[in-house]
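Commentary on secondary and tertiary structure
In case you want the letters, here they are:
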There are 4 protein chains.
Amino acid sequence: MPHKIAILGASGYTGAELVRLLATHPTMEIVALSADRKAGQDMGSVFPHLRHLDLPALVKIDEIDFSAVDLVFCALPHATTQSVINSLPRDLKVVDLSADFRLRDPAAYQKWYGQPHVATELQAEAVYGLTEFYRDEIRAARLVACTGCNAATGQFALRPLIAAGLVDLDDIIIDLKTGVSGAGRSPKENLLHAELSEGTHAYGVGGVHRHLGEFDQEFSALAGRKVEVQFTPHLLPANRGILATVYVKGDPAAIHAELTSAYEAEPFVQVLPFGTHPSTRHVRGGNFVHLGVVGDRRPDRAIVIAALDNLTKGSSGQALQNANLMLGEEETTGLMLAPVFP
Amino acid sequence: MPHKIAILGASGYTGAELVRLLATHPTMEIVALSADRKAGQDMGSVFPHLRHLDLPALVKIDEIDFSAVDLVFCALPHATTQSVINSLPRDLKVVDLSADFRLRDPAAYQKWYGQPHVATELQAEAVYGLTEFYRDEIRAARLVACTGCNAATGQFALRPLIAAGLVDLDDIIIDLKTGVSGAGRSPKENLLHAELSEGTHAYGVGGVHRHLGEFDQEFSALAGRKVEVQFTPHLLPANRGILATVYVKGDPAAIHAELTSAYEAEPFVQVLPFGTHPSTRHVRGGNFVHLGVVGDRRPDRAIVIAALDNLTKGSSGQALQNANLMLGEEETTGLMLAPVFP
Amino acid sequence: MPHKIAILGASGYTGAELVRLLATHPTMEIVALSADRKAGQDMGSVFPHLRHLDLPALVKIDEIDFSAVDLVFCALPHATTQSVINSLPRDLKVVDLSADFRLRDPAAYQKWYGQPHVATELQAEAVYGLTEFYRDEIRAARLVACTGCNAATGQFALRPLIAAGLVDLDDIIIDLKTGVSGAGRSPKENLLHAELSEGTHAYGVGGVHRHLGEFDQEFSALAGRKVEVQFTPHLLPANRGILATVYVKGDPAAIHAELTSAYEAEPFVQVLPFGTHPSTRHVRGGNFVHLGVVGDRRPDRAIVIAALDNLTKGSSGQALQNANLMLGEEETTGLMLAPVFP
Amino acid sequence: MPHKIAILGASGYTGAELVRLLATHPTMEIVALSADRKAGQDMGSVFPHLRHLDLPALVKIDEIDFSAVDLVFCALPHATTQSVINSLPRDLKVVDLSADFRLRDPAAYQKWYGQPHVATELQAEAVYGLTEFYRDEIRAARLVACTGCNAATGQFALRPLIAAGLVDLDDIIIDLKTGVSGAGRSPKENLLHAELSEGTHAYGVGGVHRHLGEFDQEFSALAGRKVEVQFTPHLLPANRGILATVYVKGDPAAIHAELTSAYEAEPFVQVLPFGTHPSTRHVRGGNFVHLGVVGDRRPDRAIVIAALDNLTKGSSGQALQNANLMLGEEETTGLMLAPVFP
């Protein structure tokens, strides 16, 4: 008997990516898809690349019978998410792709998202969904809050190094380049093709991007002291892919050795040979992270570069990885699809 | 026991696409990969998107022990292909992705490819590999010649219509737009990013593109008379995808009905509702063909639009579909991957 | 004393393109810029590529003192345009970039634009702005209605051929590929980068695109009988550029000779050597049209291919060319900028 | 009488960009164009976007009569350049776009370019061509060595800050994103559209990129001590444009004030309001630099972001700016073309 799956917010890019991945998953079955403004439409008309699939039509959330659902993927905007999840049955497993339950501290939520959290009880219950580092907690969790795509990329590069005390905690810079699908499907002037193709610009510069809330929470917990990285995201004229170029002070060889050893048994994390580094093009559509380490000409400085697909490992693939654990499946089930290149 | 598979020419895009598809195929195992100039390298260094796979290193063709191989995919340049396949054991199953065995008539080969065929005996034996139309012959074949990607796209739009006598055979125009990966991975000035992005141009204009050899052969056979279409391919600033806009004279409703009925049971061919039409973006990385029919304002004229991914349904996916049949597997095995969008 | 110029609708792409061209025009000075929703902003914040220029701030139309203006470029949406131009002083020269005054017949306007025209008197006065063919009328005109970008591209390929009786009037097909900037700067889901990059699709298929109104009007007038072409536009993943691939029945050599002779003295129209054809990449940002003719393998069939930049020769460059004539300047003044490649 | 100009290496992208700019320059006339492999061809067939111009055909260098030339632009590969310039008449003005004369120290040249310099006498004579900082020397120079495109971008952001002692010299990081045209027009697998579009990767990581030679020379001279920055370039899926994201330790407000004041009178350098920052899309095809400064959440850290077009301000526009000075023209002549957006 397959697990019965519902996806809330199926008309966005992460919702569609979940459907794509579930399409070949052997033990999960999609029984409900919601989309507020597009309720009543077929998934195949909203996302024609999925038209060959036999899928339930899009409905409003309150039309879903959650008693017949084993697990919900919630791919709604932040803020909206809190009240929706708050209204779901309390024994329903939930994998949330929004930002609403990533920050454990209500004050941090208020600081980064500009409004008080309305479901602080659930916030306390939620497990941070970066699978490779919270595997046991996720397996036992009812509510998992998937990591933000940028936050995930930076953490894959840095967590083992901070945990091992290998880098100067006061001088970490994450210069990140991200594809545009991470900005979602809402029509905005600044997301038009004519505005974004053929160039790049930074955004959220100077310590104001919300994913810093996750970096601060996670890195400070790992280090046992306050850690505040610098973080500058840039918009790339590509749909998918994040490349994080991370500047650290520390011994490059030790850094490479630590990453190699930390990820040795990880099916989705590939550490490249020392001195080489990845491209976003080689993770497109796959659930993999590629990591590279290069030493700088200046001693005790290293550049760590991480690449992943924001829609797959950065959100929907990560979410499915978590769902596999929560439902007692092999973590890799349905996720070993090779990236699509070129 | 999985089928033992060799891929000749694995360092090109169609070779890589075969590896991508075979990566999650349950009953095929890659036992040998050849690449002439890159022999000795790892597949993961030639194509880093495949680095998570446990693959044999690239070797030269004559280093392969074909007695331990059940089926060979041959993804070599035309002309080279003839002599390579000619030298393989005669009981080895071969799926050829080149142009060398697509034309049954040696004179036609000479006309379109500018040199005599050197393996005319094999040419006579080869079965044309457009699966949906040569299924039984392919199942029984030893040597299958996969259809060219442009030729496949046009044929999906036109074969049922020509067979049913629904269109004027003297006035068929195929205006085609193709992604650049079809031009291969050889370094050429006219394939540079700076030369191809942000614009389009036609090529092979006026009846000189080699895929016309396939159109002529197949359409004339279907019609029982000589059929010569007009065909203009254009290069699209995208890596994957072919859109064929086909102009025909005939009744649009009858044309839509015929395509709907012809492809009703086909797992990979999707006929869209009358009046709607496809985008290449919705077939990227999938083995699907999307077909649309729109009637023109002028009576008895229709526009049939076909979209597929040149590397998947247009070559490597098609090749695997054929291999499944030749090896007694379900035709769809390993090929139901949903397209990747955006 | 420079001519005093106002641009209405300066926050759209054609408005910005006018400012770009006027920036180096020796005898025109921008004295007013309007933008309804963005009134009060600087042009440099709405279009940072123009921030080095000393420009008037954006205002609402009714804030402009038209008595101090010699010529107005009107780059507003259709329908809005009629009432705006209707309210301007009747002695003010106007170059309109919208569709509102292109069709001379009110019934045709109603048919293609779905509503009655509200300024039929002005409609009668307006001169069709395809400069190369209406030069004398434009020189004497007060109100010029610039040609639509797609309509212009098709006409450059076809007008001399229809006028000379060289092609079969019942079998003309224009398969057109256009960059996305032609769709404007309004935020719409289907214009997002993630929806448009890396692929193509047709739109307005089957004889419903509004530029057919222009083709019908102009070609029928030239032929002295009703001419209805087939026309299928496709959206190209590029910002600028239109390529029209035109299929005609007629003698290729005669067609090439006619185009060569028709455009011999034209500074902006380049006819390529017989058998060669253009790319949109080579007209980007320039006011040029490149035309090529290739004969098909089938006798008496030719493919005529035209390329231009939709924002330059297709709208704002064409508009400036007309304004030059209306103000007594050399037609080419400020317009000989070479295209930008790559 | 216009100045007589020759361009050596006119079949590359910087050569073509020079021709584009000179096309509307009022006092310079192109009298000779060289291209080794393409000698004998028309410029219009090598670069069809220039086909409307009346240009001399491409010849080999030794076919040029330099006695009839006032100034030579040399756009040849490094190493080749030395011997070519060495063989030119010693009274001929030369603007070199290669790397060969940028480094004043022969040992530095050998270190970064891997071979001894063969024209050290000329090397000593050459003036570094970053116009805004070497204006007087350039005006008097016979041989000017234009700055590398990446090196120029970083220097616009940093020179005034280093000169004013406003930033920590030991902790400067330049994370740079560059369009692909900077890599030239030579056919290489890694420059193909299919390899570069839709993603990004770093290259020359860790202190090995040759433009570091320029940074080291210039910044150390300004500071009066050895300065070694960290520098990581990334390839952007766009043809033109460089964005340098520069991380410095210093007071953001003071940094912004210094840049504002340093560039106040510069016609080509635009300093944006504090807290805002540029996009490469807004400098495409123009000779402008856009600079922004944002303060980080961490005290005494700033992010300085610089954008320019690598082919224009980064090479050919800069070269023309220098040529204007060397020939006694206004520095801005022919260079005030507005950027092309979108």
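Residues numbered from 1 in each chain as written. Chains lettered and ligands numbered in written order. Predicted model: local features only at pLDDT ≥ 70, side-chain atom pairs only at ≥ 80, totals over all residues. Heavy atoms only, no water.

Comments concerning the overall build of chain A
Filter applied, for reference: Here a strand is any run of E in DSSP of at least two residues, a helix any run of H or I of at least four, and the numbering for each starts at the N terminus. We call two residues contacting when some pair of their heavy atoms lies within 4.5 Å. This count recognises Lys and Arg as positive and Asp and Glu as negative, with His and chain-terminal groups excluded. All charge positions are set by atom: Lys at NZ, Arg at CZ, Asp at CG, Glu at CD.
Looking only at helices and strands, chain A has eleven helices and 14 strands in total. Reported as C-alpha extents along the three principal axes, the dimensions of chain A are approximately 60 × 45 × 40 Å. Of the contacts formed within chain A by residues at least 6 apart in sequence, a portion of 69% connects residues at least 24 apart. Charge-centre separation for chain A: the mean point of 29 positive side chains lies 4 Å from the mean point of 39 negative side chains.

Brief notes about the UniProt feature "domain: Semialdehyde dehydrogenase NAD-binding" (unreviewed entry) in chain A
So the rule is basically this: UniProt positions are given in the numbering used here, feature names are shortened, and annotations may be inferred rather than shown by experiment.
When the UniProt feature table is mapped onto this chain, "domain: Semialdehyde dehydrogenase NAD-binding" (unreviewed entry) is found at residues 4-141 of chain A. Summarising residues 4-141 of chain A: 33% helix, 17% strand, and an end-to-end C-alpha distance of 18 Å.

Here's the deal with the side chain of C:H117
Residue and element names in this part refer to chain C. Definition in use: Relative accessible area decides the class of each residue, using a 1.4 Å probe on protein chains only: under 20% of the type maximum gives buried, over 50% gives exposed, and in between gives partly exposed. Counting of polar contacts relies on pairs of N or O atoms within 3.5 Å, with two restrictions inside protein: one atom must be capable of donating a hydrogen and the other of accepting it, and residues adjacent in sequence are counted only when both atoms are side-chain atoms.
Here H117 shows up in the loop between helix 4 (106-113) and helix 5 (120-125). With a relative accessible area of 9%, H117 lands in the buried category. Only 2.7 Å separates the side chain of H117 from the backbone oxygen of D100, close enough to count as a polar contact. Here A119 takes part through its backbone nitrogen, which lies 3.0 Å from a polar atom of the side chain of H117. When near neighbours in sequence (up to four residues on either side) are disregarded, H117 contacts Q82, D100, F101, Y109 and Q123.

Here we look at the interface of chain B and chain C
Interface size, as often reported, equals the accessible area lost upon joining of the parts. The test is simple: A 1.4 Å probe defines the accessible area here, and the buried area is the portion of it lost by two parts on being joined, summed over both. Throughout this description, the term salt bridge denotes a Lys or Arg side-chain nitrogen within 4 Å of a carboxyl oxygen of Asp or Glu. Just so you know the grouping, Ala, Val, Leu, Ile, Met, Phe, Trp, Tyr, Cys and Pro go in nonpolar, Asp, Glu, Lys and Arg go in charged, and all remaining residues, Gly too, go in polar.
Residue-level contacts link 53 residues of chain B with 53 residues of chain C. Here chain B meets chain C over a buried area of about 4400 Å², counting both sides, of which 47% is carbon and sulfur. Ranking the residues of chain B by area buried against chain C places B:E198, B:R281 and B:R297 at the top, with a combined share of 19%. One salt bridge in this structure joins C:E228 and B:R297, with 3.7 Å as the shortest N-O distance. Breaking the side of chain B that touches chain C down by element, the ones donating at least two residues are strand 8 (173-178), helix 8 (193-196), strand 9 (201-202), helix 9 (211-223), strand 10 (230-235), strand 11 (242-249), strand 13 (289-295) and strand 14 (301-308) of chain B. Among the residues forming the side of chain B that touches chain C, the class breakdown is 22 nonpolar, 15 polar and 16 charged.

Topic: the domain arrangement of chain A
All names here are of chain A. As a reminder of what qualifies: Note that the domain bounds were set by an automatic or database domain assignment.
The domains assigned to chain A are domain 1 (3-147 + 313-326) and domain 2 (150-310). The centre of domain 1, based on its C-alpha atoms, is set 24 Å off from the matching centre of domain 2. Taken together, the contacts link 27 residues of domain 1 with 33 residues of domain 2. Between domain 1 and domain 2 lies a buried interface of about 2500 Å² when both sides are counted; carbon and sulfur atoms form 50% of it. The three residues of domain 1 that bury the most area against domain 2 are Y13, W112 and K313, which together make up 30% of that side's buried surface. Our count for the contact surface shared by domain 1 and domain 2 stands at four salt bridges.

Structural notes on the relation of the copies chain D and chain A
Using the following cut-off: For the least-squares superposition of copies, only C-alpha atoms count, and only for residues with pLDDT at least 70 in both.
Once chain D has been moved 0.0 Å along the axis and rotated by 180°, it coincides with chain A to within an RMSD of 0.0 Å. Both copies are brought into coincidence by an operation consistent with a two-fold rotation axis. Within chain D, the C-alpha atom positioned nearest to the axis of rotation is that of D:P237, 3.3 Å from it.

Quick notes on the sheet that holds strand 7 (residues 143-145) of chain A
Residues and elements named next belong to chain A. Note the cut-off: A pair of strands is considered paired only if DSSP assigns at least 2 bridges between the two. To obtain an axis, a line is fitted to C-alpha atoms, over the contacting stretch when the element is a helix, and the angle between two such axes runs from 0 to 180 degrees between their N-to-C directions.
On the basis of which strands lie adjacent, the open sheet formed by seven strands has the order 3-2-1-4-5-7-6 and parallel pairing. With partners counted over all chains shown, the strands left at the sheet margins are strand 3 (58-59) and strand 6 (127-128), one partner each. Note that strand 5 (residues 93-96) and strand 7 share three bridges and pair parallel. Paired with V95 across the bridge in strand 7 is V144. The sheet strands contacting helix 1 (residues 13-22) are strand 1 (3-8), strand 2 (28-34) and strand 4 (71-74), and the helix crosses strand 1 at an angle near 160°.

Points about the interface of chain D and chain A
Chain D puts 53 residues into the contact, and the matching count from chain A is 53 residues. In terms of surface lost to chain A, no three residues of chain D exceed D:E198, D:R281 and D:R297, which account for 18% of the buried area on that side. At the junction of chain D and chain A, the tally comes to ten salt bridges. We note a salt bridge from A:D171 to D:K249, for which the minimum N-O separation is 2.7 Å.

Some words on helix 11 (residues 312-326) of chain A
All names here are of chain A. Keep this limit in mind: To estimate how far a helix should extend, the number of its residues minus one is multiplied by 1.5 Å. The reported bend at a residue is simply the angle between two axes, fitted to the 7 residues ending at it and to the 7 residues beginning with it.
In this model, helix 11 (15 residues) spans only 18 Å end to end at C-alpha, well below the 21 Å of a helix rising 1.5 Å per residue. The largest bend in helix 11 amounts to roughly 40° and is located at Q318. Within helix 11, 15 of the 15 residues are buried, which leaves the element mostly enclosed by the surrounding structure. Just past helix 11, the residue G328 takes up positive phi, approximately 75°.

Here we look at unusual backbone geometry
Following A:F341, the chain continues to A:P342 via a peptide bond in cis, the omega torsion being -5°. With respect to the helices and strands, the residue A:P342 is situated in the segment after helix 11. The phi torsion at A:D300 lies on the positive side, around 60°, for a residue other than glycine. Assignment of secondary structure puts A:D300 in the loop between strand 13 (289-295) and strand 14 (301-308). Not every positive phi belongs to a glycine, and D:A79 is a case in point at roughly 75°. When you line up the elements, D:A79 lands in the loop between strand 4 (71-74) and helix 3 (80-86).

Some details on the sheet that holds strand 2 (residues 28-34) of chain C
Residues and elements named next belong to chain C. An order of 3-2-1-4-5-7-6 is seen for the seven strands of this open sheet, with the pairing classed as parallel. Either end of the sheet is taken by a strand with one partner, and the two such strands are strand 3 (58-59) and strand 6 (127-128). As judged from the two bridges shared by strand 2 and strand 3, these two strands associate in the parallel manner. Of the residues in strand 3, the one forming a bridge with L33 is L58. Its contacts with the sheet put helix 1 (residues 13-22) on strand 1 (3-8), strand 2 and strand 4 (71-74), and the angle it makes with strand 1 is roughly 160°.

A few points about empty space enclosed by the protein
Rule in force here: Space inside and on the surface of the protein is sampled on a 1 Å grid over the protein atoms alone, with a cavity defined as a set of points where a 1.4 Å probe fits but cannot get out and a pocket as an open set with protein on both sides within 12 Å along at least 5 of 7 lines; lining residues have an atom within 4 Å of a point. Grid points are joined across faces, edges and corners, and a volume is the space filled by probe spheres set on the points.
Counted according to the given criterion, the structure contains nine cavities of 30 Å³ or more. Here the largest cavity defines a volume of roughly 190 Å³. What lines the largest cavity is a set of 16 residues, among which A:P237, B:P237, C:P237, D:S197 and D:P237 lie closest to the centre. Of the residues belonging to the lining of the largest cavity, the class tally is four nonpolar, eight polar and four charged.

Section: the relation of the copies chain B and chain C
In screw terms, the move from chain B to chain C is a rotation of 180° and a rise of 0.0 Å along the axis, fitting with an RMSD of 0.0 Å. Most of the interface of chain B is mirrored in chain C: 100% of its interface residues are interface residues there too.

A closer look at helix 9 (residues 211-223) of chain D
Residues and elements named next belong to chain D. Taking 1.5 Å per residue, 13 residues should reach 18 Å; helix 9 reaches 18 Å between its end C-alpha atoms and fits that length. The element helix 9 is largely enclosed, with a buried count of ten among its 13 residues. In this fold, the buried residues of helix 9 make contact with helix 4 (106-113), strand 6 (127-128), helix 6 (131-140), helix 7 (149-163), strand 8 (173-178) and strand 10 (230-235). Immediately downstream of helix 9, the backbone of G224 shows phi near 75°, a positive value.

Considering the UniProt feature "active site" (unreviewed entry) in chain A
Residue and element names in this part refer to chain A. Feature annotation in UniProt assigns "active site" (unreviewed entry) to the following positions: C149. On the secondary structure map, C149 appears in helix 7 (residues 149-163). Given a relative accessible area of 15%, C149 falls into the buried group.

Re the packing of helix 7 (residues 149-163) of chain B against helix 10 (residues 252-262) of chain B
Residues and elements named next belong to chain B. As a reminder of what qualifies: In this scheme, roughly parallel covers angles under 35 degrees and roughly antiparallel covers those over 145, while 65 to 115 is roughly perpendicular and the rest are oblique.
Put simply, helix 7 and helix 10 touch, their axes get as near as 9 Å, and they point 105° apart. One element, helix 7, and the other, helix 10, form an angle in the roughly perpendicular class. On helix 10, the residues touching F156, A157, P160 and L161 of helix 7 are I255, E258, L259 and A262. Residues belonging to the contact of helix 7 with helix 10 are distributed by class as follows: seven nonpolar, no polar and one charged.

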